[in-house]
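What the coordinates show
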Amino acid sequence: MVARPGGDAVRPIRTFLAFLGTSFRKNLAYRSEVWLSILFGLLAIVIQAAIWRALLGDGAAEGITVDDMVTYVIITTVISAVSLHRLVSDVDERLRGGDIAVDLVKPMHYPTLQLADQLGRSAFQLAFVVVPMVVIAALTFGIEAPASATAGAAFVASLAIALLVSFTQGLLLALLAFWFLTTFHFIWANGALLTLFGGANLPLWFFPDALETVARLLPYQFVAFVPAAIWLGEIAGSELAWTLALGVMWVAIQGAAGQALWSAAVHRLTVQGG
Amino acid sequence: MTPALFWHHVRLRLRERMEYRGAFLLGLLAQGIGYAAEIAVIWLLLHRFEAIAGWMWPEIALLYSLSVLTYAIGAAFTYSPMTELEQMVQRGTLETVLVKPTDPFWTLIGQRFNVGYLSHLLLAGTVMTWAIATAPIDWTPASVGLLVATVASGSMIQAAVLTLIGTWAFRFTRSWTLFAINGQASRFIRFPIGIFGIIPQILLTLVIPLAFATYYPAAILISEDGQLFPGWIGWLTPVVGPVFMWVAYRTWTRGIDRYQGAGG
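Not measured: the values here are computed from a predicted model. (Residues numbered from 1 in each chain as written. Chains lettered and ligands numbered in written order. Predicted model: local features only at pLDDT ≥ 70, side-chain atom pairs only at ≥ 80, totals over all residues. Heavy atoms only, no water.)

**Things to note about the overall build of chain B**
- Per the secondary structure count, chain B includes 11 helices and 2 strands.
- Listing the helices and strands of chain B from first to last along the sequence gives α-α-β-β-α-α-α-α-α-α-α-α-α.
- Computed over its C-alpha atoms, the radius of gyration of chain B comes to 19 Å, within 12% of the 18 Å expected for a compact globule of 264 residues.
- Projected onto the principal axes, the alpha-carbon positions of chain B cover approximately 60 × 40 × 35 Å. (Helix = DSSP H or I, 4+ residues; strand = E, 2+ residues; numbered from the N terminus. Rg over C-alpha atoms; globule rule 2.2 N^0.38 Å.)

The following block contains the structure:
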């Protein structure tokens, strides 16, 4: 590449996008199986929608109707399809197989490289799984539009937060593998917290008060409940601003912890490698 | 594959896992926490709404515990053989099973019996004990017999589903998405089947009869009326499991026979 003024500032972004594109193309190899992933998502939506129909009927609870819950369920299913938790198993596998050495040679900060890799996978999921899944779900069950223009814009922001919260969480779990050489237990334990406090199966507004207070402080709500609640206009006004700020804070905390752990992990890996 | 040989394999597996005792026990703990979270969510749901289609928390807990219990027993036998089949084909280790004088299906199941489902059993067993003590069940010799038969037959249904997925994956595709879909489908049978449409009811009764592992027998135990299908079909539970397992076994064996032919 010909060096030019200002080129250095652009190059990291280009490298990042190049890795992202490579990951997207790598995932294209599995496109014959996307219908299974679509089926997986649709089953989740069918089950949840049926449960809420049985529970709410034509009425409402806390002002929430069946149609609201169907939209809620579609959105949380979409988010779980594109969230970036999956890097845990990728890193775990590469660490045990020794492929991690190849990754470290690549001209990029390793966690950032992982982010590009995961975003490439998400882009693939979005194009080949999420879009057809949402179209089918919307035609079958109906989906509500965002409550307002503000809700729509805030939803996009909350989606970015969802991606970053799930990524930094996955990174922390993955880095633990450098010490424990396994991530199985951490994945299950973290998954349990996500099941309970994420709100995908039971929105936080149906929680008992004490538990809701706890859930509203934890990072898990950002990977399911928050984006859907924002879309529906259930989180609005000053609460919206506070919620998004809390999300950004969790990204910063988990990101900083991930970076610190990464520095220690690299040192450790060098020692092991001898 | 005699019972004695099978038991020998299971003991070997247990000893193998106990080499890494800490990791094994931690794994059980982690899985236990995972399922506890699932139960907590359903409990919170019932805590807020009291009933789903007339089924209260003890009755839903019965469905849930039957689902996890039968899955754990069935999966202990067939999950590892079926998920590892792909890798065995790639590495050429499947041949070591095929050259043995015993039936390859039972050899694989014996060799790869998974002892890691203890936390499932413990958790589901506890929830079920509480559920059957609390739910309005009329205890007669017939209902006791039905419950025992449901655990046995339901486990066979679950084992058979995993076997069929393994056969499918063996021939066509990578299997993890299919196993994930099965996990998703298991959630259907944790709720009263009437809340789902006609198609899921037909599929779960006639095609993949998972509803016989939980809903149909449970509906008889708590004297619930029939839905799309009449309530009495729950009494077919003891037959459905063995028949479906036999179908799965035949299908798998045919798939393996074809593999031998291609290996030539």
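**Description of the packing of aromatic side chains**
- Scanning the model with the defined rule gives 27 aromatic pairs over all chains in all.
- Relative to Phe113 of chain B, the ring of Phe6 of chain B has its centre 6.0 Å away and its plane inclined at 80°; by these criteria the two rings are edge-to-face. One end of the pair, Phe6 of chain B, is in helix α1 (residues 3-18); the other, Phe113 of chain B, is in the loop between α5 (104-111) and α6 (118-134), with 107 residues separating them in the sequence.
- Overall, Phe6 of chain B belongs to the buried group, its relative accessible area being 17%.
- Judged by relative accessible area, Phe113 of chain B falls into the buried class, the value being 14%.
- An aromatic cluster is defined as three or more aromatic residues linked by ring pairs; in this entry it consists of Trp52, Tyr72, Trp205, Phe206 and Phe225 of chain A together with Phe49 of chain B.
- In this structure, Arg48 of chain B is placed above the aromatic ring of Phe49 of chain B, and the distance from its NZ or CZ to the ring centre is 4.9 Å. (Phe/Tyr/Trp six-rings, centres within 6.5 Å; stacked < 30°, edge-to-face > 60°. Buried < 20%, exposed > 50% of the residue type's maximum accessible area, 1.4 Å probe, protein only. Lys NZ or Arg CZ within 6 Å of the ring centre and 35° of its normal.)

**Digging into the interface of chain A and chain B**
- Contacts between the two partners involve 31 residues from chain A and, on the opposite side, 32 residues from chain B.
- Area buried by chain A at its contact with chain B is led by Ile47, Leu55 and Trp188 of chain A, which between them contribute 19% of it.
- Across the chain A-chain B interface, the total number found is 4 residue pairs in polar contact (both at pLDDT 80 or more).
- Here the element with the most residues in the side of chain A that touches chain B is helix α2 (residues 34-56) of chain A; it accounts for 15 residues.
- Residue classes in the side of chain A that touches chain B are distributed as 23 nonpolar, 5 polar and 3 charged. (Contact = heavy atoms within 4.5 Å. Buried area = accessible area lost by both parts, 1.4 Å probe. Polar contact = N/O pair within 3.5 Å; in protein donor to acceptor, adjacent residues only side chain to side chain. Nonpolar A, V, L, I, M, F, W, Y, C, P; charged D, E, K, R; others polar.)

**A few points about the pattern of salt bridges**
Residues and elements named next belong to chain A.
- If you walk through the whole model with that rule in mind, you get 7 salt bridges over all chains.
- Residue Arg216 is joined to Glu212 by a salt bridge in which the shortest nitrogen-to-oxygen separation is 2.9 Å.
- Classification of Arg216 by relative accessible area gives partly exposed; the value is 25%.
- In this structure, a network of salt bridges that share partners links the residues Glu212, Arg216 and Glu239. (Salt bridge = Lys/Arg side-chain N within 4 Å of Asp/Glu carboxyl O.)

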